[in-house]
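# Coordinate inspection notes
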Amino acid sequence: MNFEQIYSQNPDFSNRYISPEKLFSYLQNNLSDYIQEIGRSYLDKPIYQLSVGTGNINVLAWSQMHGNESNATHAMLDLLVSLDKAPEMKKDLFSKIKLDFIFMLNPDGSERWTRLNAADIDLNRDFHNEASKEIKFLKKAVASKKYDYALNLHEQRTIFTTDGIHPATLSFLAPSENVERTVTENRKKCMAVIGSVYNHLKEMIPHQIGRYSDEFYPTSTGDNFIKAGMPTILFEGGHFVDDYTRTGTRKYYTIALYYALKAISELNSNSTGWENYLEIPENKETHYDIIYRNVKLNTEHECILDIAVQFREIKEEGKSEISFIPFVMEAGDVKQRKGWLEIDCTGKKFISATKYPKLDAVVDFKIED
């Protein structure tokens with residue numbers, strides 16, 4: 001039996017937005033024997049670590065370092081309910097590894113649906129400064145035992161594709177340890193795991209798996225952990241066409257998480273097959289969410305141009321799900337980019353209170369026949 005055959009979405013978390021309080025309550029009511037509080041956030045919210053497994057291979061993973069990236073939290077919740085339906089598969093995995101999973105490292109940002117924490121700090125750029133409480137808890141967890149692997153779990157924007165056509169639904173990275181991007185033994189270990197995941201998923205979501213850029217970031221978490229000797233793998237959940245709530249991404253993110261853990265349990269720090277990683281196409285930045293083509297503005301002289309629009313994800317007061325608010329990103333010749341939705345405005349009216357669309361502002365125009 002393959003994991004994708006038993007995959008189930010955790011029914012308690014159907015929204016992309018996860019309320020921290022709802023998550024905390026779920027963990028306490030359903031997984032109390034496996035969780036411990038490892039610290040409290042800037043606004044005094046608990047940060048929980050789940051520990052599961054009896055194996056000799058230690059793996060650390062964390063979700064929502066950026067509060068507006070919930071797919072990894074969903075993936076762990078889905079992984080657990082899925083494996084509960086397949087006890088033998090669950091036993092096989094967790095008899096070989098011990099997984100420590102930090103849920104929602106940034107609960108303050110998760111509540112507000114922002115990348116930053118409540119002190120406006122990007123935890124993923126705070127490795128050396130340690131200006132945030134939350135990064136200290138992560139580093140303390142890393143120092144608590146010898147971890148064989150770490151999984152740094154994130155999401156990426158809809159702008160990325162694998163080939164200029166297909167969305168980068170999942171992207172992976174074996175981070176560089178230095179500016180030269182040397183392919184070290186620890187990077188090869190990470191590449192081997194990613195290569196195994198790629199082999200499992202490439203037929204399920206063909207042309208939708210990418211390789212994230214591997215330039216070295218001196219302040220980022222993953223780069224510094226692998227530089228310090230801990231093999232660290234970056235996950236980036238991305239876009240499915242017409243799936244802004246990322247339900248499809250969530251499914252394949254969970255499947256990828258399972259196969260990464262399975263590969264770790266089987267490879268056991270062996271880097272066999274690491275070259276498969278190099279087959280994965282690199283991410284390309286090619287798309288906007290919407291491009292209005294051939295828009296004729298209401299100007300004295302004839303002005304025909306393209307208008308590029310990107311959704312911003314905003315948690316609005318009183319709503320239980322994320323709102324997608326369209327913002328104007330570019331106006332002019334946008335031939336170098338494509339839109340997931342392209343609207344030909346030839347012969348149509350541009351209706352707006354202003355002559356020109358205002359950049360970096362909410363869309364306030366209409367296109368009518």
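Just so you know, these numbers come straight off a predicted model, no measurement behind them.

### Concerning the overall build of the protein
The helix and strand tally for the protein stands at 9 helices and 16 strands. A globule of 369 residues ought to have a C-alpha radius of gyration of about 21 Å, and the protein, at 22 Å, matches this closely. Projected onto its principal axes, the C-alpha coordinates of the protein cover approximately 75 × 45 × 45 Å. Counting across all 369 residues of the protein, residues that qualify as buried make up 56%. In the protein, of all internal contacts separated by at least 6 residues, the share reaching a separation of at least 24 is 76%. Of the side-chain charges in the protein, 44 are positive and 53 negative, and the distance between the mean point of each set is 1 Å.

### What about the pairing of strand S3 (residues 57-62)?
Counting buried residues along S3, 6 of its 6 residues qualify, which places the element largely inside the surrounding structure. Burial of the side chains of S3 extends over both faces: Ile57, Val59 and Ala61 are buried on one face and Asn58, Leu60 and Trp62 on the other. Sheet topology places S3 next to strand S4 (residues 97-103); 6 bridges connect them, and they run parallel. Its bridge partner lying in S4, tryptophan 62 is registered against isoleucine 102. Examined bridge by bridge, S3 and strand S5 (residues 149-155) share 4 bridges and lie parallel to one another. Bridge pairing links alanine 61 to leucine 151 in S5.

### Focus on the domain arrangement of the protein
Each assigned domain of the protein is listed with its residue range as follows: domain 1 (3-285) and domain 2 (287-367). Between domain 1 and domain 2, the C-alpha centre-to-centre distance is 33 Å. Between domain 1 and domain 2, the residue contacts involve 20 residues of the former and 14 residues of the latter. Per-residue buried area on domain 1 facing domain 2 is highest for Tyr17, Trp113 and Tyr244; these three make up 34% of the total on that side. Counting every contact that joins domain 1 to domain 2 gives 2 salt bridges. Note that arginine 337 is salt-bridged to glutamate 285, the shortest N-O span being 3.1 Å. Taken together, domain 1 and domain 2 are joined by 12 residue pairs in polar contact (both at pLDDT 80 or more). Elements that contribute at least two residues to the side of domain 1 that touches domain 2 include exactly helix H5 (107-112) and strand S6 (160-161). A class-by-class count of the residues in the side of domain 1 that touches domain 2 yields 8 nonpolar, 8 polar and 4 charged.

### Structural notes on the UniProt feature "domain: Peptidase M14" (unreviewed entry) in the protein
In the UniProt entry, the feature "domain: Peptidase M14" (unreviewed entry) is given for residues 35-133. Structurally, residues 35-133 is divided into 28% helix and 26% strand, and its ends, taken at the C-alpha atoms, are 20 Å apart.

### Section: the side chain of histidine 66
Its place among the elements puts histidine 66 in the loop between S3 and helix H3 (71-83). Within the local environment of histidine 66, its side chain forms a polar contact with the side chain of arginine 115, the two groups lying 3.5 Å apart. Every residue in contact with histidine 66, bar those within four places of it in the chain, is listed here: Asn106, Thr114, Arg115, Asp122, Asn124 and His154.

### Notes on the pattern of salt bridges
Evaluation of the coordinates by the stated rule reveals 30 salt bridges. Here aspartate 360 makes a salt bridge to arginine 312, at a shortest N to O gap of 2.2 Å. Highlighted residues: aspartate 360 in the loop between strand S15 (349-351) and strand S16 (366-368) and arginine 312 in strand S12 (residues 304-314), separated in sequence by 48 residues. Through salt bridges with shared partners, one network takes in Arg293, Asp306, Asp333, Lys335 and Glu342.

### Description of the environment of asparagine 68
Mapped onto the secondary structure, asparagine 68 falls in the loop between S3 and H3. Asparagine 68 sits in the partly exposed class, given a relative accessible area of 21%. With 86 residues separating them in the primary sequence, asparagine 68 and histidine 154 have C-alpha atoms 9.4 Å apart. Other than its neighbours up to four places away in sequence, asparagine 68 contacts Arg16, Trp113, Thr114, Arg115, Glu155 and Glu313.

### What to know about the layout of surface pockets
One way to see where empty space is left: roll a probe the size of a water molecule over the atoms. Counted as a void, the largest pocket has a volume near 1100 Å³. Residue contributions to the lining of the largest pocket peak at 4 residues, all from S12. Partitioning the lining of the largest pocket into residue classes produces 13 nonpolar, 13 polar and 17 charged. The two domains that each donate at least three residues to the lining of the largest pocket are domain 1 (3-285) and domain 2 (287-367). Here the second largest pocket defines a volume of roughly 230 Å³. Leu31, Tyr34, Leu80, Asp84 and Lys90 are, among the 14 residues lining the second largest pocket, the residues nearest its centre. Counting residues per element, the ones that place at least two in the lining of the second largest pocket are helix H2 (20-30), strand S2 (46-52), H3 and helix H4 (87-94).

### Side note on the packing of H4 against helix H9 (residues 247-267)
Between H4 and H9, the least distance of the axes is 9 Å, while the angle of their chain directions is 50°. With respect to each other, H4 and H9 are oriented oblique. Residues Met89, Asp92 and Leu93 of H4 pack against Tyr258, Leu261, Lys262 and Ser265 of H9. Here the contact of H4 with H9 is built from residues that sort into 4 nonpolar, 1 polar and 2 charged.

So, how was this worked out
Residues numbered from 1 in each chain as written. Predicted model: local features only at pLDDT ≥ 70, side-chain atom pairs only at ≥ 80, totals over all residues. Heavy atoms only, no water. Helix = DSSP H or I, 4+ residues; strand = E, 2+ residues; numbered from the N terminus. Rg over C-alpha atoms; globule rule 2.2 N^0.38 Å. Buried < 20%, exposed > 50% of the residue type's maximum accessible area, 1.4 Å probe, protein only. Contact = heavy atoms within 4.5 Å. Lys, Arg positive; Asp, Glu negative; His and termini not counted. Charge placed at Lys NZ, Arg CZ, Asp CG, Glu CD. Pairing = 2+ DSSP bridges. Domains from an automatic or database assignment. Buried area = accessible area lost by both parts, 1.4 Å probe. Salt bridge = Lys/Arg side-chain N within 4 Å of Asp/Glu carboxyl O. Polar contact = N/O pair within 3.5 Å; in protein donor to acceptor, adjacent residues only side chain to side chain. Nonpolar A, V, L, I, M, F, W, Y, C, P; charged D, E, K, R; others polar. UniProt positions renumbered as here; feature names shortened; annotations may be inferred. 1 Å grid on protein atoms, 1.4 Å probe; cavity = no way out; pocket = protein on both sides within 12 Å on 5 of 7 lines; lining within 4 Å. Points joined across faces, edges and corners; volume = space filled by probe spheres on them. Axes fitted to C-alpha atoms, helices over the stretch in contact; angles between N-to-C directions. Parallel < 35°, antiparallel > 145°, perpendicular 65-115°, else oblique.

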